[in-house]
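Tertiary structure, described
Here are the chains, one letter per residue:
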Amino acid sequence: MLTVKNYISHFENIWNESPLDFPVFEKTYSLNEQKIREQHFSDFQQKINGLKSKRKVEELRRSDPSKTFFPVFKSFLKTVFDFDQKHLEIILSDKFKNVSRDFFYRAREFGPELSPENIYQGMRNVWIMNGIQLMMDIPVDITPSVFGYSMIYPYSDNLLDDPNISAEEKQYFSVRFNRRLHGEVVLAQSFTELQLFKLVEMFEKQFPRTEFPKVFESLYAIQQGQTNSLQLNGTTEISDNEIQKICFEKGGASVLADGYLVAGRLTENEERALFGYGVYLQLLDDIQDVKEDAEAQTRTIFSRRNDYDLDKFVNKTIHFGRKALDEMYCFKGSQIETFIKLMNRSIETMIIESVGMNEQHYSADYLAKLEKQSPLRFDFVRRKRSQSTSNRFSFFKKYFEQNTPGRAVQF
């Protein structure tokens, strides 16, 4: 049986021991360096805007992207965010590019009602599972379970996060979905449930229950974590310690399930490492969503803090994440060191950006200090985000819509 409670306790100990002081970062940026990177960012944005017309999208689809789009994107990642060559070789490798393209195409076929934003939500989990494949030297691919588990997110999360659905209905859905995960025959009560049950069938076909029992134990664990997380939205009083346990359980169990649906079997060290990685990603999500969670009265480690506490808790998260990712070295993939450094760099960049995007929740001194660790000034990030949010997916949406069913998508 999976020892989720032991993993929660293990990472709670690491969290409690993580210091509150400001972390040491690999690079600090001067004002002039930030301005140079902002100009590179604007140049890239201008080039992308030039590709948004139907004619340009069609030309790009017919071209060789290795000679058109990706050299521009590579330059963007290097000159704006300082990714080194080894990191770029992973991010822009054919195997990672191809699976992103294939997932989007398959998702549109499976759920044509889903928006590009919904599909992107699932694609984020595909990237996590592809990373696990890379760490385990398993071919990077969209297997039935990678597709099925990643598609669960845009369906189940949207239902559980919908404020128009009552808490009672969400609890009823969780009970029914849990029964289906345990192999029971359950008649779908809605289109969303019907889609979710189809996705569960994909797991069952790739990993028969009798041969891979822990695959399904990991799914029960994430379902339990999701169910427990409903308490974060309720009116019942709940302690900070219990909030922490629920957040750790939800995040850790989610990536633990990723690992089992990639490999079928894991060692205890691999289980624990993936659980910690999931906790770190959950903390990142909670930092990113601190404004929305506070407004919706969703209780997380961060949404219940005042500004002074938030400064320290972001520091604590970064220290915690570095310790948690150290445990990933139990994997023996040929690119493991480069990939772990890439993960840490990417997550810390997102944390820094999230602080800048939610400046009202942090002290002025902390913002000024952390901004020096960002390749872009916070004001620039906020301005660009406000300009692009409404059409964030417009270019990619137009691009994929040019590809009719049965036709190879070239990206």
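Provided above is the structure to which this section pertains.
So, a few notes on the structure that sits alongside this text.

Reading the values: the criteria
- Residues numbered from 1 in each chain as written.
- Predicted model: local features only at pLDDT ≥ 70, side-chain atom pairs only at ≥ 80, totals over all residues.
- Heavy atoms only, no water.
- Helix = DSSP H or I, 4+ residues; strand = E, 2+ residues; numbered from the N terminus.
- Buried < 20%, exposed > 50% of the residue type's maximum accessible area, 1.4 Å probe, protein only.
- Contact = heavy atoms within 4.5 Å.
- Areas by Shrake-Rupley, 256 points an atom, 1.4 Å probe, with all protein chains shown as cover.
- Axes fitted to C-alpha atoms, helices over the stretch in contact; angles between N-to-C directions.
- Parallel < 35°, antiparallel > 145°, perpendicular 65-115°, else oblique.
- Left-handed = near helix turned anticlockwise from the far one by under 90°.
- Nonpolar A, V, L, I, M, F, W, Y, C, P; charged D, E, K, R; others polar.
- Expected span 1.5 Å × (residues − 1).
- Bend = angle between axes of the 7 residues up to and from the residue.
- Salt bridge = Lys/Arg side-chain N within 4 Å of Asp/Glu carboxyl O.
- Core = buried A, V, L, I, M, F, W, Y, C linked by side-chain atoms within 4.5 Å.
- Polar contact = N/O pair within 3.5 Å; in protein donor to acceptor, adjacent residues only side chain to side chain.

Quick look at the overall build of the protein
Looking only at helices and strands, the protein features 19 helices and 0 strands. A burial count over the protein gives 52% of its 411 residues as buried. Sequence separation of at least 24 residues holds for 74% of the intrachain contacts in the protein that already meet a minimum separation of 6. Accessible area for the protein stands at about 19,500 Å²; split by element, carbon and sulfur atoms hold 51% of it.

Structural notes on the packing of helix α7 (residues 116-135) against helix α16 (residues 336-357)
Running from N to C, α7 and α16 cross one another at 155 degrees; their axes reach a closest spacing of 9 Å. If you check the angle between α7 and α16, you find them roughly antiparallel. Between α7 and α16 the crossing geometry is left-handed. From α7, G131, L134 and M135 reach across to α16, where they touch I336, F339 and M343. A per-class count over the contact of α7 with α16 returns 5 nonpolar, 1 polar and no charged.

Some thoughts on helix α8 (residues 144-161)
Over its 18 residues, α8 runs 26 Å from end to end, which matches the ideal 26 Å to within 8%, given 1.5 Å per residue. The largest bend along α8 reaches roughly 25 degrees and is located at Y153, with the proline P154 sitting one to four residues downstream.

Points about the pattern of salt bridges
Going through the model one piece at a time under the given rule, you end up with 17 salt bridges. One salt bridge connects E271 with K214, and the closest N-O pair in it is separated by 3.2 Å. Placement of the pair is E271 in helix α13 (residues 268-288) and K214 in helix α11 (residues 213-229), with a sequence separation of 57 residues. A residue is classified by how much of its surface remains accessible, and E271, at 3% relative accessible area, is buried. A residue is classified by how much of its surface remains accessible, and K214, at 27% relative accessible area, is partly exposed.

Topic: the nonpolar core
Core analysis: the largest hydrophobic core is formed by 110 residues, its most contacted members being Y149 and M328. When residues of this core are assigned to their parent elements, the largest contribution, 10 residues, is made by α13. In this view, Y149 contacts N125, M129, F203, L219, I222, S254, A257, D258 and L261; residues no more than four positions away in its chain are not counted.

So, the environment of E12
Take E12: it is sitting in helix α1 (residues 4-17). Residue classification places E12 among the buried positions, given a relative accessible area of 8%. Considering only alpha carbons, one finds E12 and F248, 236 residues apart in sequence, at a separation of 8.1 Å. Aside from chain neighbours lying at most four places away, what touches E12 is N241, Q244, K245 and F248. Looking at E12, its side chain comes within polar contact range of the side chain of Q244, at 3.5 Å.

Here's the deal with unusual backbone geometry
One non-glycine residue, D82, lies in positive phi territory at about 60 degrees. Mapped onto the elements, D82 comes out in the loop between α4 (69-81) and α5 (85-91). The phi dihedral of D137 falls on the positive side, at around 55 degrees, and the residue is not glycine. Residue position: D137 is located in the loop between α7 and α8.

Bear in mind that shape data such as this cannot, by itself, settle questions of function.
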